[in-house]
Amino acid sequence: MDCISYPIDADLCNLSPAETHYVARMEQTALLALSAFALVSSITPGPNNMMLMASGANFGLRRTIPHALGVGFGFTLMIVLVGIGLMGLFDLFPVLNTVLKIVSVVYLLWLAWKIANAAAPDTESGARGKPMTFVQAMLFQWVNPKAWSMALTAIALYAPDRNLGAVLLVAGVFGIINLPSTSLWAVMGQVLRGWLSSPARLKAFNWTMAALLVGSLALLI
């Protein structure tokens, strides 16, 4: 059997059949643990999910699809880049952690203000409000504190040696799980659209989403 590189160090060369089976079971357990971590961290409330739910409620599911795709692609790319080098930069230059926190706080407060004061799109032309674009959602991951926490934790736990194969495996698992998990929040927003047809209810909903977005800053503490 050829040597195989996994997130958890294990030399599969020269092992007995019983030992090889045991190692394979350990690797399966690690993969299940990674999948569970990806699901729980992706589907629970955070900046991405709050914004997708608000977008689904304000603009509908179809117009929110680019936003959801940007989140999925952007976060998957983020894991790869963090795993192959960016994590090392934070080890070398701790001041980057402080810079990231400041930028994230300022940007998230600005986004919260935008959501709280968002004007509903015109029912005929949809011209008054605009959902986040694919590129904007992809770039947002770099100032999203929860995304940073998820990426750094995933690499530290499941690709500690930062082997390219392990990093790509972690990114692939998150890519498969993250998109449907976060998109579910856009669907929930879409479901609420009828109830939010009242301007007063929509305003209250947007302020609630903005408050939850601000609350997500606790991840930086």
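Report on the accompanying structure. Just so you know, these numbers come straight off a predicted model, no measurement behind them. (Residues numbered from 1 in each chain as written. Predicted model: local features only at pLDDT ≥ 70, side-chain atom pairs only at ≥ 80, totals over all residues. Heavy atoms only, no water.)

### Concerning helix α2 (residues 47-59)
Given 3.6 residues to a turn, an α-helix orients residues that are three or four positions apart in the same direction. Note the threshold: Numbering goes from the N terminus for both helices and strands, where a helix is a DSSP run of H or I of at least four residues and a strand is a run of E of at least two. Expected span, for any helix, means 1.5 Å times one less than how many residues it has. Burial classes: relative accessible area under 20% of the type maximum marks a residue as buried, over 50% as exposed, and values in between as partly exposed (1.4 Å probe, protein chains only).
The first and last C-alpha atoms of α2 sit 18 Å apart over 13 residues, in line with the 18 Å expected at 1.5 Å per residue. When you tally the buried positions in α2, you get 13 out of 13 residues, the bulk of the element. Looking one or two residues beyond α2, the residue adopting positive phi is Gly60, at roughly 90°.

### A word on the packing of helix α3 (residues 61-92) against helix α7 (residues 164-191)
Convention followed: What counts as an axis is a line fitted to C-alpha atoms, over the stretch in contact for a helix, and the angles between N-to-C directions run from 0 to 180 degrees. The cut-offs work like this: below 35 degrees is roughly parallel, past 145 is roughly antiparallel, 65 to 115 is roughly perpendicular, and the gaps in between are oblique. Each crossing gets its handedness from the near helix: less than a right angle anticlockwise from the far helix is left-handed, clockwise is right-handed. Residue polarity follows a fixed list, in which Ala, Val, Leu, Ile, Met, Phe, Trp, Tyr, Cys and Pro are nonpolar, Asp, Glu, Lys and Arg are charged, and the others, Gly among them, are polar.
Axis separation between α3 and α7 bottoms out at 8 Å; the angle between their running directions is 155°. By the criterion of interaxial angle, the relationship of α3 to α7 is roughly antiparallel. Relative to α7, the crossing made by α3 is right-handed. Within the contact of α3 with α7, the residues separate by chemical class into 17 nonpolar, nine polar and no charged.

### Some points on the environment of Ala166
With respect to the helices, strands and loops of the structure, Ala166 is situated in helix α7. You can call Ala166 buried: its relative accessible area is 1%. It is 9.0 Å that separates the C-alpha atoms of Ala166 and Gly83, two residues lying 83 residues apart in sequence.

### Side note on unusual backbone geometry
One non-glycine residue, Arg162, adopts positive backbone phi at about 60°. Tracing the backbone shows Arg162 in the loop between α6 (145-158) and α7.

### Points about the side chain of Asn49
Heads up, the rule is: Within 3.5 Å is the distance limit for a polar contact, defined as a pair of N or O atoms, with the added protein rule that one can donate a hydrogen and the other accept it, and that residues adjacent in sequence qualify only through two side-chain atoms. The criterion used for residue contact is that any of the two residues' heavy atoms lie within 4.5 Å.
Along the chain, the position of Asn49 falls in helix α2. Of the polar contacts made by the side chain of Asn49, one reaches the backbone oxygen of Thr44; its length is 2.7 Å. Setting aside residues up to four positions removed in sequence, Asn49 forms contacts with Ser42, Ile43, Thr44, Thr182 and Trp185.

### Observations concerning the packing of α3 against α6
Closest axis-to-axis distance for the α3/α6 pair is 9 Å, and the angle between their directions is 70°. Viewed along their axes, α3 and α6 adopt a mutual orientation that is roughly perpendicular. Taking contact as the criterion, the partners of Phe75, Met78, Ile79, Val82, Gly83, Met87 and Phe90 in α3 are, on α6, Ala147, Trp148, Met150, Ala151, Leu152, Ile155 and Ala156.

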